[in-house]
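Take a look at the letters that make up each chain.
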Amino acid sequence: MKRITILGSTGSIGRQTFKVIRKLKKDFKVVGLSANSNLPKLKSQIKEFHPEIAAILSKDAGIELKDWCRKNKLKTRVTDGLEGLVELSKYNSDILLSAVVGSVGLEPLISAIRTGKDIALANKESLVIAGKLIMAEARKHDVKILPVDSEHSAIFQCLKDEGLKKIKRIILTASGGPFYNYNRKHSTINVTQALDHPTWKMGPKITIDSATLMNKGLEAIEAHHLFNVPMDKIDIVIHPQSIVHSMVEFVDGSTLAQMSHPNMELPIQYALTYPQRYVSNLKKLNLTDVEKLEFYKPDFNKFRCLKLALEAGRAGGTMPVVMNAANEIAVGLFLNKKIKFTKIASIIDKVMSKHRSIKNPTLKQILQVDMQAKKDAGLLC
Ligand code: MG
């Protein structure tokens, strides 16, 4: 039986992880949970899974949760704040699934790696801003980083034991989001339209990132670090059906793809059960029902966020840190109806052009640059 800790348990990936764990009950014991602020959901998860420890980012919610556990005679120990998240990530477990959204996941992730537990990683922003450091720590502590992101799970499954030298290129697929064929001006796009993703059901931040195609830029940087492949060997194609989750082309001209209906439970399950493949009751793929699989080139002029993210990835150093920080702030502002859809890219562009990138930054420098870029982005609204 594997002991598992879940960071970000009340979000979209966290909830889907529980769906997987309910089916694999015999093999997993949930020992730790954490949430940002969703107390009702966290309470119901504590009642169902009886974890040994739970963390909540908000200090006030932490006090309420401690009281509630006491009143309900639950033995779960409650911690709070970022220190609480870090404590949880160090807690005795075999695997930690990080489904936190944003750069807040970085410190807990590094702490978890240093305790030697394997990581199922859905928190792509951490890899984007500190991929080099994370992968170096993972190598040092002999920790496996198992991708939960569907594209990276696909690449991971296609790669198997093929060495880096055998890879000609990685082809990341993107659904294109709700605006791939949108003919009106992008400045008129509202929050409801942007949250209406055609193929995937996801949390609000990643859904907006998918609408701007920023998500694919973040994923290219994520792939660059996870698989140690240079940015210029990573191509992006629009694939509206979301059936091919990504591909790897090898030096002999052979291209492998991983296919399934879009459902995050599959990559979550594979990351948790790796290197085993377990049975699942997910809808099976019948290609004659799908009928067609289409692939198009992305339009970098229409989707400026994608272009900016790839530029940041190629620049390296702390440039991806500021790109990601500005994006996190801009997406928040858009979701709160403070800025137009097209302003997201403008904010990222401005913050990036002001930044002088630091080569091989330390963790402390990354966190400082992240904080400063978030401040700068907030002032541009
Ligand atoms: Mg993805």
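Above this text is the structure in question.
These numbers come from a predicted model, not from an experiment.

### Quick notes on the overall build of the protein chain
Now for step 1: A tally of regular secondary structure across the protein chain gives 16 helices and 11 strands.
Now for step 2: The C-alpha atoms of the protein chain give 20 Å as radius of gyration, which agrees with the globular expectation for 381 residues (21 Å, within 12%).
Now for step 3: Taking the principal axes of the C-alpha coordinates as reference, the protein chain spans close to 55 × 50 × 40 Å.
Now for step 4: Taken over 381 residues, the protein chain has a buried fraction of 56%.
Now for step 5: Considering only intrachain contacts with a sequence separation of at least 6, the fraction spanning at least 24 residues in the protein chain is 69%.
Now for step 6: Roughly 17,500 Å² of accessible area belongs to the protein chain as shown, and the carbon and sulfur atoms make up 51% of that amount.
Now for step 7: For the protein chain, the distance from the average site of its 58 positive side-chain charges to the average site of its 37 negative ones is 3 Å.

### A look at the pattern of salt bridges
Now for step 1: For the structure shown, the criterion picks out 24 salt bridges.
Now for step 2: Two residues, E249 and R169, come together in a salt bridge whose shortest N-O distance is 2.6 Å. Pair noted here: E249 is in strand 10 (residues 244-250) and R169 is in strand 8 (residues 167-174), with a separation of 80 residues, a long-range link.
Now for step 3: R169 sits in the partly exposed class, given a relative accessible area of 28%.
Now for step 4: Between K354 and D376 there is a salt bridge; the shortest N-O distance is 3.4 Å. Within this pair, whereas K354 is found in helix 15 (residues 343-354), its partner D376 is found in helix 16 (residues 363-378), the two being separated by 22 residues in sequence.

### Concerning the coordination of the magnesium ion
Now for step 1: Of the protein atoms, only D149 (OD), E151 (OE) and E219 (OE) coordinate the magnesium ion, at distances of 2.1 to 2.2 Å.
Now for step 2: Each donor residue of the magnesium ion lies on the same chain, and together they follow the pattern D-x1-E-x67-E.

### Here's the deal with the sheet that holds strand 6 (residues 118-121)
Now for step 1: The seven strands are arranged 4-3-2-1-5-6-7 in an open sheet whose pairing can be described as parallel. Strand pairing shows two members of the sheet lacking a second neighbour, strand 4 (77-80) and strand 7 (145-147), which therefore form its edges. Taking each pair of neighbouring strands and ignoring which way they run, the sheet shows an average axis angle of 20°.
Now for step 2: The pairing of strand 2 (residues 28-35) with strand 3 (residues 53-56) spans four bridges and is classified as parallel. Along strand 3, the bridge assignment pairs L33 with A54.
Now for step 3: Strands in contact with helix 3 (residues 59-71) are strand 3 and strand 4; relative to strand 4, the strand with the most contacts, it is inclined by about 170°.

### As for the sheet that holds strand 10
Now for step 1: Ordered by their spatial adjacency, four strands build an open sheet running 9-8-10-11, and the pairing between neighbours is mixed. A strand with exactly one partner marks an edge of an open sheet, and here the two such strands are strand 9 (234-238) and strand 11 (255-259). Put simply, the sheet's adjacent strands are angled 20° from each other on average, direction ignored.
Now for step 2: Inspection of the sheet shows strand 8 paired to strand 9 by five bridges, in the parallel sense. By the bridge assignment, I171 is partnered in strand 9 with D235.

### Considering the side chain of S111
Now for step 1: Turning to its location among the elements, S111 is positioned in helix 5 (residues 106-114).
Now for step 2: Note on S111: relative accessible area 12%, which makes it buried.
Now for step 3: Of the polar contacts made by the side chain of S111, one reaches the backbone oxygen of E107; its length is 2.9 Å.
Now for step 4: Beyond its immediate chain neighbours, meaning those up to four positions away, S111 contacts V86, S89 and K90.

### Overview of empty space enclosed by the protein
Now for step 1: Counted by the stated rule, this structure contains one cavity of 30 Å³ or more.
Now for step 2: Size it by volume and the largest cavity reaches roughly 50 Å³.
Now for step 3: S150, S153, A154, Q157, W200, H245, Q258, S260, H261, N263, L266 and P267 together form the lining of the largest cavity.
Now for step 4: Listing elements by their share of the lining of the largest cavity, those giving two or more residues are helix 7 (150-159) and helix 11 (265-273).
Now for step 5: When residues of the lining of the largest cavity are assigned to their parent elements, the largest contribution, four residues, is made by helix 7.
Now for step 6: Here the residues of the lining of the largest cavity are counted per class, giving four nonpolar, eight polar and no charged.

### Side note on the packing of aromatic side chains
Now for step 1: Summed over all chains, the structure comprises eight aromatic pairs.
Now for step 2: Aromatic pair Y270 and Y274: ring centres 5.8 Å apart, planes at 70°, arrangement edge-to-face.
Now for step 3: Under the relative-accessibility criterion, Y270 is labelled buried at 6%.
Now for step 4: Y274 gets classed as partly exposed once you look at its relative accessible area, which sits at 23%.
Now for step 5: Of the aromatic side chains, those joined through ring pairs into one cluster are F179, Y182, F334 and F341.

### With respect to the nonpolar core
A general feature of soluble globular proteins is that nonpolar side chains tend to end up buried together.
Now for step 1: Within the largest apolar cluster, 82 residues are counted, with the highest numbers of intra-cluster contacts made by I119, I134, I145, M323, I344 and I348.
Now for step 2: Among the elements that line this core, the one with the most residues is helix 14 (residues 319-335), at 10 residues.
Now for step 3: The residues contacting I134, other than those within four sequence positions of it, are L106, L109, I110, I113, S126, L127 and I145.
Now for step 4: If you look at the next biggest cluster of nonpolar residues, it comprises 35 residues, including L42, A99, W200 and M264.

### Observations concerning helix 7
Now for step 1: With nine of 10 residues buried, helix 7 lies mostly within the body of the structure.
Now for step 2: Where helix 7 is concerned, the buried positions are S150, E151, H152, S153, A154, I155, Q157, C158 and L159.
Now for step 3: The elements touched by buried residues of helix 7 are strand 7, strand 8, helix 10 (214-226), strand 10, strand 11 and helix 11.
Now for step 4: With its phi angle positive at about 45°, K160 sits one or two positions after the end of helix 7.

### Describing the environment of K29
Now for step 1: By the element assignment, K29 lies in strand 2.
Now for step 2: In sequence terms K29 and T199 are 170 residues apart; their C-alpha atoms lie 31 Å from each other.
Now for step 3: Among residues more than four places away in sequence, those in contact with K29 are M1, K2, R3, I4, F49, H50 and E52.

Calculation criteria
- Residues numbered from 1 in each chain as written.
- Predicted model: local features only at pLDDT ≥ 70, side-chain atom pairs only at ≥ 80, totals over all residues.
- Heavy atoms only, no water.
- Helix = DSSP H or I, 4+ residues; strand = E, 2+ residues; numbered from the N terminus.
- Rg over C-alpha atoms; globule rule 2.2 N^0.38 Å.
- Buried < 20%, exposed > 50% of the residue type's maximum accessible area, 1.4 Å probe, protein only.
- Contact = heavy atoms within 4.5 Å.
- Areas by Shrake-Rupley, 256 points an atom, 1.4 Å probe, with all protein chains shown as cover.
- Lys, Arg positive; Asp, Glu negative; His and termini not counted.
- Charge placed at Lys NZ, Arg CZ, Asp CG, Glu CD.
- Salt bridge = Lys/Arg side-chain N within 4 Å of Asp/Glu carboxyl O.
- Donors = N, O, S within 2.8 Å, 3.2 Å for Na, K, Ca; no water.
- Pairing = 2+ DSSP bridges.
- Axes fitted to C-alpha atoms, helices over the stretch in contact; angles between N-to-C directions.
- Polar contact = N/O pair within 3.5 Å; in protein donor to acceptor, adjacent residues only side chain to side chain.
- 1 Å grid on protein atoms, 1.4 Å probe; cavity = no way out; pocket = protein on both sides within 12 Å on 5 of 7 lines; lining within 4 Å.
- Points joined across faces, edges and corners; volume = space filled by probe spheres on them.
- Nonpolar A, V, L, I, M, F, W, Y, C, P; charged D, E, K, R; others polar.
- Phe/Tyr/Trp six-rings, centres within 6.5 Å; stacked < 30°, edge-to-face > 60°.
- Core = buried A, V, L, I, M, F, W, Y, C linked by side-chain atoms within 4.5 Å.

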